[in-house]
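What follows is the residue order along each chain.
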Amino acid sequence: MELFDSHAHYDDEKFNEDRDEIIEKIYSSGVTKFMCAGYNLESSLNGIKLADKYDYIYTTSGISPNDVNSTIEETKKDIVQLRKNIIDYKDRQKKENKIDKIVGIGEIGLDYYWNAENKDVQNFAFIEQIKLANELNLPIVIHTREAVMDTLKILKQNPVNRKGVFHCCPFNRELVKEALKLGFYISIAGTVTFKNAKNAREIIEMIPLNRLLIETDSPYLAPEPVRGIRNDSRNVKYIAEKIAEFKNMQAEEIAKITYENAKTIFKICISREKQ
Ligand SMILES: [Zn+2]
């Protein structure tokens, strides 16, 4: 079974002791592509370094709602720097005739659970990075928590050309329904395996197979039966298994479909460039 983990953080300090070792173990376990998602300026640069080092790692660059600066002015400067870093990288890859492995802008979005006092800055950063994604013709990777209405409002008012992915999508009926209507993919994380995941089955049933992705969000959110420990992409199989159970399919089929979907949305294989 070959798997694609569409969202993880291998620059996280929890991997400082054994990063290279674990990355190689993941690849040999059958997770033959995975994403290192950026969440601030530094981690976006770290993601690029990992993507440079490993053929099978891809990356997204962005500033998450929990990493925005204290003012709109400062956040604006950060996004200018983010844009510069991405463009410098793209130019370098082009010059050296290497593959461009920044395949999306993210994670970006809104998080009113952790930060409810700076909604204006979060909204600004989200909208500005949607503009950046459109300028660079990249899809976006969305982080949203306790902010369904504002997230949907921003996406409706600021159309994203290449669409994108709701990463670790909350199991919120309205959000999933509207996200699908807007043309987005839904990425399911380890929370689907948790025993207290209330409407998980209903949400999984709502998502058509051609819009489904799976992810670990490593090192966080380890799924059952390994919940509570440091997560890594080898555990993405448990998410495929749970979805297969809900959809009455084989885990191998879910693995294959989500692998192809990730390649499609992130334009990873040139022959699948159809969006
Ligand atoms: Zn993440």
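On a predicted model such as this, the values are computed, not experimentally measured, just so you know.

Draft legend 1. Representation of the pattern of salt bridges within the structure. With the rule as written, the count across this model stands at 18 salt bridges. Between K25 and E21 there is a salt bridge, with the nearest N and O atoms lying 3.5 Å from each other. Within this pair, K25 and its partner E21 are both found in helix α1 (residues 19-28), separated by 4 residues, close to a single helical turn. For K177, the salt bridge goes to E174, with nearest N and O atoms at 3.8 Å.

Draft legend 2. Expanded view of the side chain of R19. Along the chain, R19 falls in helix α1. The charged side chain of R19 is buried without a salt bridge, its nearest counter-charge being D20 at 6.6 Å. A polar side-chain atom of R19 sits 3.4 Å from the main-chain carbonyl oxygen of D11.

Draft legend 3. Region of the structure containing the packing of aromatic side chains. By the definition in use, this model includes 8 aromatic pairs. Summarising the aromatic geometry, the rings of Y54 and Y56 are spaced 5.6 Å apart at their centres and angled 45° between planes, so their arrangement reads as tilted. An angle of 85° between the planes, with centres 5.0 Å apart, marks the rings of Y113 and W114 as edge-to-face. Under the relative-accessibility criterion, Y113 is labelled partly exposed at 43%.

Draft legend 4. Here's a closer look at helix α4 (residues 119-136). Under the 1.5 Å per step criterion, the end-to-end length of α4 is 26 Å for 18 residues, consistent within 8% with the ideal 26 Å. Buried within α4 we find V121, Q122, N123, F124, A125, F126, Q129, I130, L132, A133 and L136. On its buried side, α4 packs onto α3 (72-95), β4 (102-111), β5 (140-145) and α5 (148-157). With its phi angle positive at about 55°, N137 sits one or two positions after the end of α4.

Draft legend 5. Up close: the coordination of the zinc ion. Protein coordination of the zinc ion is provided by H7 (NE2), H9 (NE2), E107 (OE) and D217 (OD), with donor distances spanning 2.1 to 2.5 Å. Classification of the site at the zinc ion as irregular follows from its 4 donor atoms and the range of 82 to 174° in their angles at the metal. Each donor residue of the zinc ion lies on one chain, and together they are spaced H-x1-H-x97-E-x109-D. H9 matches H7 in its accessibility class, with the two residues each being buried.

Draft legend 6. A look at the layout of surface pockets. Size it by volume and the largest pocket reaches roughly 850 Å³. Surrounding the largest pocket, 29 residues form its lining, T144, R145, C168, T191 and L221 being those nearest its centre. For the lining of the largest pocket, the secondary structure elements donating two or more residues are β4 and β5. If one sorts the elements of the lining of the largest pocket by residue count, β5 sits on top with 3 residues. Of the residues contributing to the lining of the largest pocket, the split by class is 11 nonpolar, 10 polar and 8 charged.

Draft legend 7. The arrangement of the packing of α3 against α4 in detail. Packing of α3 against α4 brings their axes to within 10 Å, and their N-to-C directions diverge by 25°. In this view, α3 runs roughly parallel relative to α4, as classed from their interaxial angle. For the pair α3 and α4, the crossing hand works out as right-handed. For the pair formed by α3 and α4, the contact residues are I72, T75, K76, I79, L82, R83, I86 and I87 on the first element and D120, V121, F124, A125, E128, Q129, L132, E135 and L136 on the second. Its residues assigned to classes, the contact of α3 with α4 shows 10 nonpolar, 2 polar and 5 charged.

The rules behind each value
- Residues numbered from 1 in each chain as written.
- Predicted model: local features only at pLDDT ≥ 70, side-chain atom pairs only at ≥ 80, totals over all residues.
- Heavy atoms only, no water.
- Salt bridge = Lys/Arg side-chain N within 4 Å of Asp/Glu carboxyl O.
- Helix = DSSP H or I, 4+ residues; strand = E, 2+ residues; numbered from the N terminus.
- Buried < 20%, exposed > 50% of the residue type's maximum accessible area, 1.4 Å probe, protein only.
- Lys, Arg positive; Asp, Glu negative; His and termini not counted.
- Polar contact = N/O pair within 3.5 Å; in protein donor to acceptor, adjacent residues only side chain to side chain.
- Phe/Tyr/Trp six-rings, centres within 6.5 Å; stacked < 30°, edge-to-face > 60°.
- Expected span 1.5 Å × (residues − 1).
- Contact = heavy atoms within 4.5 Å.
- Donors = N, O, S within 2.8 Å, 3.2 Å for Na, K, Ca; no water.
- Tetrahedral: all angles 85-135°; square planar, octahedral: opposite > 155°, others 65-115°.
- 1 Å grid on protein atoms, 1.4 Å probe; cavity = no way out; pocket = protein on both sides within 12 Å on 5 of 7 lines; lining within 4 Å.
- Points joined across faces, edges and corners; volume = space filled by probe spheres on them.
- Nonpolar A, V, L, I, M, F, W, Y, C, P; charged D, E, K, R; others polar.
- Axes fitted to C-alpha atoms, helices over the stretch in contact; angles between N-to-C directions.
- Parallel < 35°, antiparallel > 145°, perpendicular 65-115°, else oblique.
- Left-handed = near helix turned anticlockwise from the far one by under 90°.

Function cannot be inferred from these measures alone, as they are strictly geometric.
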